[in-house]
Amino acid sequence: MDFFDTINKRRSSRKFTDKSVPDEVMKKSFEAAIKAPNSSNLQTWRFWWVRDLEKKKKLVEFCFNQSAAREAKELVVVTADPDLWKVSNPEIIKYAKEINAPRLVKFYYEKLIPMTYRVGWFGIFTPFKKLSFFITGLFRPITRRPGSMRDLQEIAIKSAALGAENFVLALEAQGFSSCMMEGHDETRVLKLIGLRSPARTAMVIGIGEPSERALWGEQFRLPLEKVVKEV
Ligand SMILES: Cc1cc2nc3c(=O)[nH]c(=O)nc-3n(C[C@H](O)[C@H](O)[C@H](O)COP(=O)(O)O)c2cc1C
């Protein structure tokens, strides 16, 4: 399917047919998901394909039984966990050495990333980081974040959301529809998949073939001139 056809066809479907989603379709969509741009390439996202029937039932309940979850043939939870930098950073450093990456790249991952991602026990470094950003920022443009675990979570969630978008577009391109759901009990969902803070849920996604009742109208968007501004 042409790229713009996929973009234009994608809608949030909340009712699905009984047709199951082939594993290959899911796999291809996960492959597309992890190609999304992500902060420092640290890939602090995880995609949880909830297949266990008991867990699936619970997940529907934790999505407040909404139809997009209840009717979905497959359910995926996209999580964001800043602490996963500890998993990916050594791999990136190893890879950078193997391909003899520029020194700046090695410096970035060996020095800057650990400095950025360490906020100390209970965020003890946060006030010092914020103060240093503030003072330096008085004299020159600097990055003001991340200073806290909350900032790091925000960055991880942005990346995870981009992964989620790639994922649903890939599903659409293969003839399957989806619905992203912020409407869920994050604490319970995290517990269900065995995670805890600082991990966050970025999205729960219901997937299936859209039924005739999947949509209640044409796609509504504000006109371009209201949302695109030239400054
Ligand atoms: C962050 C986010 C949270 C959402 N949460 C829900 C949700 O809990 N339940 C639901 O039915 N749809 C949810 N949606 C889908 C939106 O309602 C939908 O994208 C929007 O109405 C535009 O419709 P469209 O996707 O068909 O263009 C969510 C979408 C996003 C991006």
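Because the structure is a prediction, the values reported are computed rather than measured.

A.B. asks: Could you give me a rundown of the packing of aromatic side chains, with the residues and numbers involved?
C.D. replies: Counted by the stated rule, this structure contains eight aromatic pairs. Between the aromatic rings of Phe30 and Phe167, the centroid separation amounts to 4.9 Å while the plane-to-plane angle is 25°, which identifies the pairing as stacked. You can see Phe30 sitting in helix α2 (residues 23-33) and its partner Phe167 sitting in helix α8 (residues 149-173), a full 137 residues away along the chain. Phe30 gets classed as buried once you look at its relative accessible area, which sits at 16%. The exposure class of Phe167 is buried, given its relative accessible area of 0%. Ring centres of Trp45 and Phe47 lie 5.7 Å apart, and the angle between their planes is 55°; this geometry places the pair in the tilted category. In terms of burial, Trp45 and Phe47 fall into one category: buried. Among the aromatic residues, those joined into a ring-pair cluster are Phe30, Trp45, Phe47, Trp49 and Phe167.

A.B. asks: Tell me what's going on with the nonpolar core, and back it up with residues and numbers.
C.D. replies: Taken as a class, soluble globular proteins show a tendency for nonpolar side chains to be buried jointly. Of all hydrophobic cores here, the largest spans 22 residues; its most connected members are Met26, Val76, Val78, Phe167, Ile205 and Ile207. Only α2, β1 (45-50), β2 (74-80), α8 and β4 (200-208) provide two or more residues apiece to this core. Of the residues forming this core, the biggest block, six residues, is contributed by α8. Discounting chain neighbours no more than four positions away, the residues touching Phe167 are Met26, Ser29, Phe30, Ala33, Val76, Ile205 and Ile207. Within the second largest apolar cluster, 17 residues are counted, among which are Phe16, Leu59, Val77 and Leu192.

A.B. asks: Tell me about a nonpolar patch on the surface, and name the residues and values.
C.D. replies: There is a patch of nonpolar side chains on the surface, built from Leu104, Phe107, Tyr108, Leu112 and Met115 and spanning about 510 Å² of accessible area. Note on placement: Leu104 falls in helix α6 (residues 103-117).

A.B. asks: Provide a residue-level description of the domain arrangement of the protein, including the pertinent values.
C.D. replies: Here the protein is described as being made up of domain 1 (8-84 + 151-211) and domain 2 (89-149). A separation of 29 Å is found between the C-alpha centroids of domain 1 and domain 2. In this assembly, 11 residues from domain 1 lie in contact with 14 residues from domain 2. When domain 1 packs against domain 2, close to 1,100 Å² is buried across both sides, 59% of that on carbon and sulfur atoms. It is Leu42, Asp151 and Leu152 that lose the most area in domain 1 upon contact with domain 2, and together they represent 57% of the buried surface on that side. Where domain 1 meets domain 2, there are two salt bridges. The partner of Arg145 in a salt bridge is Asp151, with the nearest N and O atoms 3.4 Å apart.

A.B. asks: Summarise the environment of Pro37; cite the residues concerned and give the values.
C.D. replies: If you trace the backbone, Pro37 turns up in the loop between α2 and β1. Judged by its relative accessible area of 55%, Pro37 is exposed. Sequence-wise, Pro37 and Glu212 are 175 residues apart; in three dimensions their C-alpha atoms are separated by 34 Å. With residues near it in sequence (within four places) discarded, Pro37 still touches Trp45, Ser159 and Leu162.

A.B. asks: Describe helix α7 (residues 126-137), with residues and values.
C.D. replies: Counted at 1.5 Å a residue, the expected span for α7 with its 12 residues is 16 Å, and the 16 Å between its end C-alpha atoms agrees. Taken as a whole, α7 has its buried residues at Thr126, Lys129, Phe133 and Gly137. End-on, the buried residues of α7 take up no more than an arc of 65°, which puts them together on one face. In α7, the exposed positions that point more than 90 degrees away from the buried face belong to Pro127, Phe128, Leu131 and Phe134. Check the buried side of α7 and you find it contacts α6.

A.B. asks: Describe in detail the state of the cysteines, supporting the description with residues and values.
C.D. replies: Evaluated as defined, the whole model comprises zero disulfides. Distance from the sulfur of Cys63, which forms no disulfide, to the nearest cysteine sulfur (Cys179) is 9.7 Å. Exposure remark for Cys179: the relative accessible area of 3% places this residue in the buried category.

A.B. asks: Please provide a residue-by-residue account of the site of the ligand, values included.
C.D. replies: Lining the immediate environment of the ligand, one finds 13 residues, of which Arg11, Ser12, Arg14, Gln66 and Gln219 sit closest. The separation between an oxygen atom of the ligand and a polar side-chain atom of Arg11 is 2.7 Å. In this structure, Glu182 approaches the ligand through a main-chain N or O atom, which is 2.9 Å from a nitrogen atom. If you tally residues by element for the shell around the ligand, the top one is strand β3 (residues 177-181), at three residues. The residue inventory of the shell around the ligand, partitioned by class, reads four nonpolar, four polar and five charged.

Calculation rules
- Residues numbered from 1 in each chain as written.
- Predicted model: local features only at pLDDT ≥ 70, side-chain atom pairs only at ≥ 80, totals over all residues.
- Heavy atoms only, no water.
- Phe/Tyr/Trp six-rings, centres within 6.5 Å; stacked < 30°, edge-to-face > 60°.
- Helix = DSSP H or I, 4+ residues; strand = E, 2+ residues; numbered from the N terminus.
- Buried < 20%, exposed > 50% of the residue type's maximum accessible area, 1.4 Å probe, protein only.
- Core = buried A, V, L, I, M, F, W, Y, C linked by side-chain atoms within 4.5 Å.
- Contact = heavy atoms within 4.5 Å.
- Patch = residues over 30% accessible without salt bridge, like charges linked within 9 Å, V, L, I, M, F, W, Y side chains within 5 Å.
- Areas by Shrake-Rupley, 256 points an atom, 1.4 Å probe, with all protein chains shown as cover.
- Salt bridge = Lys/Arg side-chain N within 4 Å of Asp/Glu carboxyl O.
- Domains from an automatic or database assignment.
- Buried area = accessible area lost by both parts, 1.4 Å probe.
- Expected span 1.5 Å × (residues − 1).
- Arc of directions from axis to C-beta.
- Disulfide = S-S within 2.5 Å.
- Near = heavy atom within 4 Å.
- Polar contact = N/O pair within 3.5 Å; in protein donor to acceptor, adjacent residues only side chain to side chain.
- Nonpolar A, V, L, I, M, F, W, Y, C, P; charged D, E, K, R; others polar.

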